[in-house]
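Each chain, written out:
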Amino acid sequence: MGSGGQNTDAASTKTSLLVAISIDDHYLLLPQREVFSLESVLDVKREGAQAPSSGTIELAGVEWPVYCLSGAALITTMDFPSQRRICLLLNDGHDYLAIACDQIETLTRQPQGRFPLPPCQAKADALIESLIVDEETVRCMTTTARLKRYCQRNGNRDTDYG
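A short tour of the structure in this document, coming up. If you're wondering where the values come from, they're calculated on a predicted model, not measured in any experiment.

Quick look at the packing of aromatic side chains now. Aromatic ring pairs are defined here through the distance separating the ring centres and the angle between the ring planes. A full pass over the atoms with the stated rule returns two aromatic pairs. Taken together, a centroid distance of 4.9 Å and an interplanar angle of 35 degrees make the contact between F36 and W64 tilted. Of this pair, F36 sits in strand β3 (residues 35-40) while W64 sits in strand β5 (residues 62-70); the two residues are 28 residues apart in sequence, bridging distant segments of the chain. A residue is classified by how much of its surface remains accessible, and W64, at 2% relative accessible area, is buried. Ring geometry for W64 against Y96: centres 5.2 Å apart, planes inclined by 75 degrees, an arrangement best described as edge-to-face. Of the two residues, W64 is situated in strand β5 and Y96 in strand β8 (residues 96-101); the sequence distance between them amounts to 32 residues. An aromatic cluster of at least three residues, connected via ring pairs, comprises F36, W64 and Y96. Above the ring of Y27, the side-chain terminus of R139 is found at 5.4 Å from the ring centroid.

Quick notes on the rules
- The numbers attached to residues start from 1 for each chain and follow its sequence in the written order.
- The predicted nature of this model means local features are confined to residues of pLDDT at least 70 and side-chain atom pairs, given and counted, to a pLDDT of 80 or more, with totals for whole chains, interfaces and linings taken over all residues.
- The basis for every side-chain value is the complete set of heavy atoms in the structure, and neither hydrogens nor water enter the calculation.
- Pairing of aromatic rings covers Phe, Tyr and Trp, the last counted by its six-membered ring, and requires centre-to-centre distances within 6.5 Å; plane angles under 30 degrees mean stacked, over 60 mean edge-to-face, and any other angle means tilted.
- Counting from the N terminus, the helices are the DSSP runs of H or I reaching at least four residues and the strands are the DSSP runs of E reaching at least two.
- Summary of the burial criterion: residues with accessible area below 20% of their type's maximum are buried, those above 50% are exposed, and those between are partly exposed, where the area comes from a 1.4 Å probe applied to protein chains only.
- Should the NZ of a Lys or the CZ of an Arg lie within 6 Å of a ring centre and within 35 degrees of the ring normal, that charge is described as sitting over the ring.

Structure below.
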């Protein structure tokens, strides 16, 4: 750790470009190395979908569960809002899933810094892993594993920020 709690481990910040996903008014960052594919929401097989999943996409011999997050609390929903047109298929080598997004963008520059969450917010099952400074904006970093846990528990919980 560097001064002020900043993680100065060059490998964790500089080894991978980041992908920014937009869901409603929320922006999440993910490591680009976890991105497997981009697919249309029109490719989602909706028949037989069971909450919290909105359906599946079949690709590379795998049925990828598709999750759609919505609203201020990012609650899973079965229906895709009209602005959701892209499914980001994520695979970290262990977990895989697809997230319906409004927009997806690869950041072309390395972030200025990565900061851990305050101890009172740093939960193993939280959606957010760390905070990233990108130009003058602080953004939230997550991972495929965290998204999967968040989406799967999301349908079975009351409002619980994480």
